[in-house]
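Structure at a glance
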Protein chains: 2
Amino acid sequence: MDNRKIGVFDSGLGGLSVVREMRKIMPAESIVYFGDTARLPYGSKSRAVITDFSRQITRFLLEQDVKAIVIACGTASTNALDTLRSEFDVPIIGVAEPGARSAVRASRSGRIGVLGTEATVKSGAFDKMIHQLAPEAEVISQACPLFVPLVESGWFHDAITDRVAERYLQPLIEEGVDTVVLGCTHYPLIKEAIGQAVGKDVKLINVSKEAVLEIRDFLDRMDMLARGGESTCEFYASDSIDHMASFAELVLGMGGLTANKIDIEKYDKR
Amino acid sequence: MDNRKIGVFDSGLGGLSVVREMRKIMPAESIVYFGDTARLPYGSKSRAVITDFSRQITRFLLEQDVKAIVIACGTASTNALDTLRSEFDVPIIGVAEPGARSAVRASRSGRIGVLGTEATVKSGAFDKMIHQLAPEAEVISQACPLFVPLVESGWFHDAITDRVAERYLQPLIEEGVDTVVLGCTHYPLIKEAIGQAVGKDVKLINVSKEAVLEIRDFLDRMDMLARGGESTCEFYASDSIDHMASFAELVLGMGGLTANKIDIEKYDKR
């Protein structure tokens, strides 16, 4: 048993979809969440910068005495996970590996689509993970740079979001995929638009949920699950938390959220 | 005469529309450009963070021995200009004041629309400047958070961009504006879509061009214009410059751009 908190971070608010799943699947766990709202989004940035930012956040979370860290950001998971694991002595779980594993299990044809940010697609991380599990699989990746701003605009159910989804999904449909990985933690929030664009025969993989199942299994194996006591949820961000509070309310159905702004740039990035 | 460089900065690449106008209108001037590509966009961030980032960039530009600084970013112009002017001893020109002045001159009805990022609209800076010049004017502001990612996606002439423009402009049309300020340096790059949405009787104010006319007049009055010699253009960014190079080629029609990545976080932000 280990009642310490789990650290969760994202470039901004998309990672709250991971917090939502954690509270459903493992409600006894306490969470400390950090959203890098001063520097979001990560999806258009380089691997070097994404890694630097992720290091700073990891140092901040370790200061909070976390027992494990979940990278609740597709872009940081695909660009910084290996480096963080090699440099820090804490269990770190990303959203990409569990997502890739679930996609391989779900696909019958072996033709798998991956949606992600530009940095995620450029990293090739999903392709590599899927091919390690299923060398014969065909992976068709698509960068979706407008999905994050559409989600952050709250245009979840909107004709424009539908048209953008159709545009991004068209090449995957033409390639005949039977499974599509939502490779960014923002995307589950517009999964209706994405589902409509691909049709109901294509399976969508929610990486947020898969990552939470993975961390639960891991903590269980290590006998590190929290037991009893009251679980807590703390929120930190690098910019003002006004927007975070209303977004969290929307995603988590929690009112009266309090959050703290911290200066993430003071943490060492090397 | 003063042949030192002019410093130009933006959150990213939109400010290149200012560089384009500078090279047309004042080709003898040498330019040092900084794009904060590691932390862009600024439009969704708070005044405090935008001001911190702008201070760091101003310190970097002063190190390059610039004779003046142009804030080629609507968001930083509306959120950080006054603070920078009070703290630094170099002429600093933003894009908002020249844009507001031009809008007041252009409008016959006094009903003026302002398009900007969320942070620009929240700052109320355009309203304030327009009302100082024309107390009776009606200002109708509209935040357009999807325009920057649409521009960065290169969807300049695109049915989806047209529909987003129609959505954002609808309230301004209903209010009967006769002039619309493109209050972000990205927006001139999709001015066809915006023009189509408002109709041809509405005047569009290109803040990039107005800011360049203002800095030229200022330097002329101070006898600080460059004369003769070869003008240069240097580019710096806080993230990898691959994307910057191709975007600059598109906007400036310049090939073979070289740029340097610098660590902007090492500059003091207070």
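This text follows the structure it describes.
Anyway, here's the lowdown on the structure attached to this text.

Conventions and cut-offs
- Starting afresh in each chain, residues are numbered from 1 along the sequence in its written order.
- Think of it this way: whatever chain is written first is A, whatever ligand is written first is 1, and the rest follow in order.
- Reporting in this predicted model follows two pLDDT cut-offs: at least 70 for local features of residues, and 80 or more for side-chain atom pairs to be given and counted; totals over whole chains, interfaces and linings ignore these cut-offs and use all residues.
- Note: side-chain values were computed over all heavy atoms of the structure, leaving out hydrogens and water.
- Strands are labelled as partners when DSSP assigns at least two bridges between them.
- Numbering of helices and strands runs from the N terminus; a helix is a DSSP stretch of H or I covering at least four residues, while a strand is a stretch of E covering at least two.
- Every angle, taken between N-to-C directions, lies between 0 and 180 degrees, and every axis is a line fitted to C-alpha atoms, over only the stretch in contact when it is a helix.
- Whether two residues touch is decided by their heavy atoms; if any such pair falls within 4.5 Å, the residues are in contact.
- C-alpha atoms of residues with pLDDT of at least 70 in both copies form the basis for the least-squares superposition of the copies.
- Partly exposed describes any residue whose relative accessible area lies between the buried limit of under 20% and the exposed limit of over 50%, with all areas from a 1.4 Å probe on protein chains only and scaled to the type maximum.
- Here the word oblique covers every angle except those under 35 degrees (roughly parallel), over 145 (roughly antiparallel) and from 65 to 115 (roughly perpendicular).
- By convention the crossing between two helices is left-handed if the near helix lies anticlockwise of the far one by an angle smaller than a right angle, and right-handed if it lies clockwise.
- The nonpolar class holds Ala, Val, Leu, Ile, Met, Phe, Trp, Tyr, Cys and Pro. Asp, Glu, Lys and Arg form the charged class, and all remaining residues, Gly among them, are polar.

Examining the sheet that holds strand β8 (residues 203–206) of chain A
Residue and element names in this part refer to chain A. Spatially, β6-β5-β7-β8 is the arrangement adopted by the 4 strands of the open sheet, whose pairing is parallel. In this open sheet, the two strands that pair with only one neighbour each are β6 (138–143) and β8. Ignoring strand direction, the axes of neighbouring strands in this sheet form an average angle of 20°. Pairing analysis gives 6 bridges linking strand β5 (residues 111–116) to β6, with the strands arranged parallel. Paired with Val114 across the two strands is Ser141, which belongs to β6. Of the strands in this sheet, β5, β6 and β7 (179–182) touch helix α6 (residues 125–133), which is tilted by about 165° from β6.

Some thoughts on the relation of the copies chain B and chain A
For the pair chain B and chain A, the relating rotation is 180°, the translation along its axis is 0.0 Å, and the fit reaches an RMSD of 0.0 Å. Between the two chains, the operation in question is that of a two-fold axis. Minimal C-alpha separation from the rotation axis in chain B is found for Arg39 of chain B, amounting to 2.2 Å. Both copies share a contact surface, since 100% of the interface residues of chain B are interface residues in chain A too.

Here's the deal with the pairing of strand β3 (residues 68–71) of chain B
Residues and elements named next belong to chain B. Side chains Ala68 and Val70 project from β3 onto one buried face, and the interleaved Ile69 and Ile71 project onto a second face that is buried too. The sheet contact formed by strand β1 (residues 6–10) and β3 spans 4 bridges and is parallel. If you follow Val8 over to β3, its bridge partner there is Val70. As defined by bridge partners, β3 adjoins strand β4 (residues 92–94) across 3 bridges and the pair is classed as parallel. Along β4, the bridge assignment pairs Ile69 with Ile92.

Thoughts on the packing of helix α8 (residues 159–174) of chain A against helix α9 (residues 191–198) of chain A
Residue and element names in this part refer to chain A. At a closest axis distance of 8 Å, the pairing of α8 and α9 adopts a crossing angle of 45°. The pairing of α8 with α9 is recorded here as oblique in orientation. Crossing of α8 over α9 shows right-handed handedness. Across the interface between the two elements, Thr161, Asp162, Ala165, Glu166, Leu169 and Ile173 from α8 touch Ala193, Ile194, Gln196, Ala197 and Val198 from α9. Grouping the constituent residues of the contact of α8 with α9 by class yields 7 nonpolar, 2 polar and 2 charged.

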